[in-house]
Amino acid sequence: MHYRIMATETKKHRSSYEGSDIQSYQFYLQHSGEHATVSRFLLEYLPEQFKRIAAGKSNLAVLGVGSGGGELDVQMLSMLQSICPTIPISADVVEGSTELVANFKALLAKTDNLEKIPFTWHVMLSEDYRKQVKNVKKYDFIHMIQMIYYVDNLTETIKFYHSCLNKNGSLMITIVKTGDGWDLLWKTFSREMCNESIPVNRSSGDVLASLKTLGLQYEEHSIPNTFDITECFNPNSETGQRLLGFMTATDDFAQSFTPQIRADILNLLRSKCSTEKEGKPKDGIYCAQKEEGSVWCSWLAQAMKEKSESHNKATAPLRRMLKNRWRAANGPLGAIVWTALL
């Protein structure tokens, strides 16, 4: 495995997980099954996208922004390599957490099929990469999974990473869907939960607004996910308290809010953000209920620079919507924004 490392001093920032933040995030992933749900969607959707991206190219460059411990990166790179076995692939990673970068490297050491891919590590936040890195190389596939909440300027960030694309390249962003339970929770209690690290609540509608400002077209997809939040309503449950801490971006849910705010948050989760099954609130916080009663979890948007109307119709992927008909709840999967440079 070939590594190159670029680093910069970064201020402490919630988008750069360290220590207890990582433990909280991993605890959430274990109980929500979010990565497994995203993985199933990527396995279904990405192969055709990768074939389109790789067509006629002699090498491929991938950039992961806010890649965390690399679980999804490894899956996507393995998939790309299996689809394009004769094309050399390189990977760059922008991640501000030294601990998560170490976890990523440890995962790579156990992944035999990626030893031929050279990695360049940019140990810095996305904002620092955007502002400090000069002569940025072009990439064929850029992904930003659940990290767009932390950038200073959403539109400028999307514009920058779109400018880093090669011809036929794609940018993928995941973010919570506007109107779902996670978005409702944060909008309702934005004054109490937004802080220096997450100064504003962002969701898919904000990404759509940026795409429209930039003149990009997009495609949406839903990825249903369910998990049990029953323990959140038990004040003596360590599991419930840890999940609530992650949902509200606090180290200690019980100590971070007044008794009234805690009660209001739990009431919102019970009444608006969950579905009761077999007499207990379950599978809920992240659900978005549509008029027809279906549930949406996350969405995928493919943004494309239009070369011509006929060319766009021939190359833009078909709009797909995956719906959960039994009104379960969804994980904070989010908006996957594909920006294709045609």
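Residues numbered from 1 in each chain as written. Predicted model: local features only at pLDDT ≥ 70, side-chain atom pairs only at ≥ 80, totals over all residues. Heavy atoms only, no water.

A.B. asks: Explain the overall build of the chain to me, please; I cannot follow it from the model alone.
C.D. replies: Broken down by element type, the chain carries 13 helices and twelve strands. Looking at the 342 residues of the chain, the share that counts as buried comes to 57%. Nonlocal contacts in the chain, meaning residues at least 24 apart in sequence, comprise 83% of its contacts between residues at least 6 apart. By element, 49% of the accessible surface of the chain is carried by carbon and sulfur atoms, the whole surface being about 15100 Å². (Helix = DSSP H or I, 4+ residues; strand = E, 2+ residues; numbered from the N terminus. Buried < 20%, exposed > 50% of the residue type's maximum accessible area, 1.4 Å probe, protein only. Contact = heavy atoms within 4.5 Å. Areas by Shrake-Rupley, 256 points an atom, 1.4 Å probe, with all protein chains shown as cover.)

A.B. asks: How do you make sense of the packing of aromatic side chains when you look at a structure like this?
C.D. replies: Working definition: an aromatic ring pair is given by the centre-to-centre distance plus the angle between the planes. This model, assessed by the stated rule, comprises 13 aromatic pairs. The interplanar angle of 80° and the centroid separation of 5.2 Å between the aromatic rings of phenylalanine 50 and phenylalanine 141 together place this pair among those described as edge-to-face. One end of the pair, phenylalanine 50, is in helix 2 (residues 34-54); the other, phenylalanine 141, is in strand 5 (residues 139-145), with 91 residues separating them in the sequence. Of the two residues, phenylalanine 50 and phenylalanine 141, neither departs from the other in class, the shared state being buried. By the ring-pair criterion, three or more aromatic residues cluster together here, those being Tyr25, Tyr28, Trp182 and Phe246. A cation over a ring is seen here: arginine 242 above phenylalanine 27, with NZ or CZ 3.9 Å from the ring centre. (Phe/Tyr/Trp six-rings, centres within 6.5 Å; stacked < 30°, edge-to-face > 60°. Lys NZ or Arg CZ within 6 Å of the ring centre and 35° of its normal.)

A.B. asks: Would you mind showing me how to read the side chain of aspartate 183 here?
C.D. replies: For aspartate 183, the location among the structural elements is in helix 7 (residues 181-188). Separated by 2.9 Å, the side chain of aspartate 183 and the backbone nitrogen of glycine 179 make a polar contact. In this view, aspartate 183 contacts Val176, Lys177, Thr178, Asn201 and Ser203; residues no more than four positions away in its chain are not counted. (Polar contact = N/O pair within 3.5 Å; in protein donor to acceptor, adjacent residues only side chain to side chain.)

A.B. asks: I would appreciate a short explanation of helix 10 (residues 238-247) in the present structure.
C.D. replies: Each α-helix winds once per 3.6 residues, and so residues spaced three or four apart point in a common direction. Among the residues making up helix 10, those that are buried are Gly240, Leu243, Leu244, Gly245, Phe246 and Met247. Backbone nitrogen of threonine 239 and a side-chain oxygen of the N-cap are separated by 3.4 Å at the start of helix 10; the cap is serine 237.

A.B. asks: I tried to follow the pairing of strand 3 (residues 89-94) on my own but got confused; where do I start?
C.D. replies: Within a regular strand, side chains alternate between the sheet's two faces. Where burial is concerned, most of strand 3 is hidden: six out of the six residues are buried. The side-chain alternation of strand 3 yields two buried faces, one formed by Ile89, Ala91 and Val93 and the other by Ser90, Asp92 and Val94. Here strand 2 (residues 60-65) runs beside strand 3; their pairing, made up of six bridges, is parallel. Looking across to strand 3, one finds that valine 65 is bridged to valine 94. Assessed by its sense of winding, the connection that carries the chain from strand 2 through helix 3 (residues 71-83) to strand 3 is right-handed. Sheet topology note: the strand 3/strand 4 (residues 119-123) ladder contains four bridges and is parallel. (Pairing = 2+ DSSP bridges. Right-handed = clockwise from strand over helix to strand, strands pointing away.)

A.B. asks: Just to check I follow, could you spell out the nonpolar core for this structure?
C.D. replies: Across soluble globular proteins, nonpolar side chains have a tendency to be buried as a group. Judged by nonpolar contacts, the single largest core of 56 residues is most densely connected at Tyr129, Ile142, Tyr161, Leu185 and Met247. With 33 residues, the next largest nonpolar core counts Leu42, Phe50, Leu60 and Met79 among its residues. (Core = buried A, V, L, I, M, F, W, Y, C linked by side-chain atoms within 4.5 Å.)

A.B. asks: Would you take a moment to explain the packing of helix 6 (residues 154-163) against helix 9 (residues 204-213) for this structure?
C.D. replies: Think of two packed helices as two axes; the pair is described by the angle between the axes and how far apart they sit. Where helix 6 meets helix 9, the closest approach of the two axes is 9 Å, and the angle between their N-to-C directions is 60°. Classified by the interaxial angle, the pair formed by helix 6 and helix 9 is oblique. When you trace helix 6 past helix 9, the crossing you get is right-handed. Of the residues in helix 9, those touching helix 6 at Leu154, Thr155 and Ile158 are Asp206, Val207, Ser210, Leu211 and Thr213. A per-class count over the contact of helix 6 with helix 9 returns four nonpolar, three polar and one charged. (Axes fitted to C-alpha atoms, helices over the stretch in contact; angles between N-to-C directions. Parallel < 35°, antiparallel > 145°, perpendicular 65-115°, else oblique. Left-handed = near helix turned anticlockwise from the far one by under 90°. Nonpolar A, V, L, I, M, F, W, Y, C, P; charged D, E, K, R; others polar.)

A.B. asks: For this particular structure, what's the right way to read the environment of arginine 202?
C.D. replies: Structurally, the position occupied by arginine 202 is in the loop between helix 8 (190-193) and helix 9. Note: C-alpha distance between arginine 202 and lysine 187 (15 residues apart in sequence) is 9.0 Å. When sequence neighbours within four positions are dropped, the list of residues in contact with arginine 202 reads Ile148, Tyr149, Tyr150, Val151, Asp152, Asn153, Leu154 and Ile175. Here the side chain of arginine 202 touches isoleucine 148 through a polar contact of 3.1 Å, landing on its backbone oxygen. A polar contact of 2.8 Å, which involves the side chain of arginine 202, links it to the backbone oxygen of valine 151.

A.B. asks: What's the story with the pattern of salt bridges in this structure? I'm lost.
C.D. replies: Where side chains of opposite charge bring their charged atoms close, a pairing between them can arise. On inspection of all chains with the given rule, the structure shows eight salt bridges. A salt bridge links glutamate 48 to lysine 51, with the shortest nitrogen-to-oxygen separation between them at 3.4 Å. Highlighted residues: glutamate 48 and lysine 51, both in helix 2, separated by three residues, approximately one helical turn. Put simply, lysine 137 and aspartate 92 hold a salt bridge, and the shortest N to O gap is 3.0 Å. Pair noted here: lysine 137 is in the loop between helix 5 (126-132) and strand 5 and aspartate 92 is in strand 3, with a separation of 45 residues, a long-range link. If you follow the salt bridges from partner to partner, you end up with Glu127, Arg130, Lys131 and Asp152 in one network. (Salt bridge = Lys/Arg side-chain N within 4 Å of Asp/Glu carboxyl O.)

A.B. asks: It is not clear to me how the side chain of glutamate 127 should be interpreted in this structure. Could you clarify?
C.D. replies: Mapped onto the elements of the fold, glutamate 127 is located in helix 5. Among the polar contacts made by the side chain of glutamate 127, one reaches the main-chain amide nitrogen of aspartate 152 at a distance of 3.4 Å. Apart from residues lying up to four places away in sequence, glutamate 127 is in contact with Val151, Asp152, Asn153 and Thr157.

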